[in-house]
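# Residue-level structure breakdown
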Amino acid sequence: MARMHTRRRGSSGSDKPSADEPPEWSDVDPEDIEDRVVELAEQGYDPSQIGMKLRDEGVTGTPVPDVKLATGKKVTEILEENDARADIPEDLWNLMERAVRLREHVQQNQQDYQNKRALQNTEAKVRRLVAYYRGDELEPDFTYSPDLAKELIEDAA
């Protein structure tokens, strides 16, 4: 059951259609796709944004509906092979950005109890993700703190 921070149950979602090979109309060379992925990463796009750009714009005008089907590798695997991977995983980074924004808001609006709770929930998610990634994607001694998150976000901006 997917209840993390509410009493409600999660609603079931649809699954991605299973496909073994890319559609015939998308016959882009896997090497061209990998080059485009690295190029977009160097321009500052996140892995999820890269996937959407390839889906919408494609490579040389031909859309790529699924990078993994076309190349046999995920976007993050391609980035890792080409040393273009981010230091902090994208999902953790997005949650840390949100926590920093919420903390600034709560400091200015101290009566906003709803967002105080949202900040607590977001930081709880961050701590759980840090524990999940620690050792593999993150340094073994990486520990989340609001000050560290603020420093990382400001440095990136």
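These figures come from a predicted structure and were not determined experimentally.

## Side note on the overall build of the protein
Secondary structure summary: the protein contains seven helices and zero strands in total. Taking 157 residues into account, the globule formula puts the C-alpha radius of gyration at 15 Å, and the protein, at 19 Å, lies well above it. In the protein, which comprises 157 residues, the proportion classed as buried is 30%. A separation of at least 24 residues holds for 62% of the contacts in the protein among residues at least 6 apart in sequence. About 11200 Å² of surface is accessible on the protein, with carbon and sulfur atoms providing 43% of the total. When the 22 positive and 35 negative side-chain charges of the protein are each reduced to one mean point, those points stand 15 Å apart.

## As for the domain arrangement of the protein
Taken domain by domain, the protein consists of domain 1 (30–82) and domain 2 (90–156). On a C-alpha basis, the centres of domain 1 and domain 2 stand 28 Å from each other.

## A closer look at a negative patch on the surface
On the surface, a cluster of negative charge is contributed by Glu-104, Asp-147, Glu-151, Glu-154 and Asp-155. Ranked by residues supplied to the negative patch, first place goes to helix α7 (residues 146–156) with four residues. For Glu-154, the location among the structural elements is in helix α7.

## Some words on the environment of Thr-71
You can see Thr-71 is positioned in helix α3 (residues 67–71). Judged by relative accessible area, which is 15%, Thr-71 ranks as buried. Each C-alpha atom, one on Thr-71 and one on His-105, is 43 Å from the other, the two residues being 34 residues apart in sequence. Not counting residues within four places of it along the chain, the set of residues in contact with Thr-71 comprises Pro-30, Ile-33, Glu-34 and Ile-78. Among the polar contacts listed, one links the side chain of Thr-71 to the backbone oxygen of Val-67, at a separation of 2.8 Å. Separated by 3.0 Å, the side chain of Thr-71 and the backbone oxygen of Lys-73 make a polar contact.

## Here we look at helix α6 (residues 113–133)
Given 3.6 residues per helical turn, the α-helix brings residues three or four places apart onto the same face. Helix length check: α6 (21 residues) gives 30 Å between terminal C-alpha atoms against 30 Å at 1.5 Å per residue, within 8%. Turning to α6, the residues buried within the fold contact α5 (90–108) and α7. Looking one or two residues beyond α6, the residue adopting positive phi is Gly-135, at roughly 100 degrees.

## Focus: the nonpolar core
Within the largest apolar cluster, 19 residues are counted, with the highest numbers of intra-cluster contacts made by Ile-88, Leu-92, Met-96, Val-126, Val-130, Leu-138 and Tyr-144. Counting only elements with at least two residues in this core, the list comes to α5, α6 and α7. Top element by residues in this core is α5. It accounts for seven residues. With sequence-adjacent residues up to four places away left out, Leu-92 is seen in contact with Val-126, Leu-129, Val-130, Tyr-133 and Leu-138. Grouped together as the second largest cluster of nonpolar side chains are 15 residues, Ala-41, Ile-50, Val-59 and Leu-79 included.

What counts, and where the lines are drawn
- Residues numbered from 1 in each chain as written.
- Predicted model: local features only at pLDDT ≥ 70, side-chain atom pairs only at ≥ 80, totals over all residues.
- Heavy atoms only, no water.
- Helix = DSSP H or I, 4+ residues; strand = E, 2+ residues; numbered from the N terminus.
- Rg over C-alpha atoms; globule rule 2.2 N^0.38 Å.
- Buried < 20%, exposed > 50% of the residue type's maximum accessible area, 1.4 Å probe, protein only.
- Contact = heavy atoms within 4.5 Å.
- Areas by Shrake-Rupley, 256 points an atom, 1.4 Å probe, with all protein chains shown as cover.
- Lys, Arg positive; Asp, Glu negative; His and termini not counted.
- Charge placed at Lys NZ, Arg CZ, Asp CG, Glu CD.
- Domains from an automatic or database assignment.
- Patch = residues over 30% accessible without salt bridge, like charges linked within 9 Å, V, L, I, M, F, W, Y side chains within 5 Å.
- Salt bridge = Lys/Arg side-chain N within 4 Å of Asp/Glu carboxyl O.
- Polar contact = N/O pair within 3.5 Å; in protein donor to acceptor, adjacent residues only side chain to side chain.
- Expected span 1.5 Å × (residues − 1).
- Core = buried A, V, L, I, M, F, W, Y, C linked by side-chain atoms within 4.5 Å.

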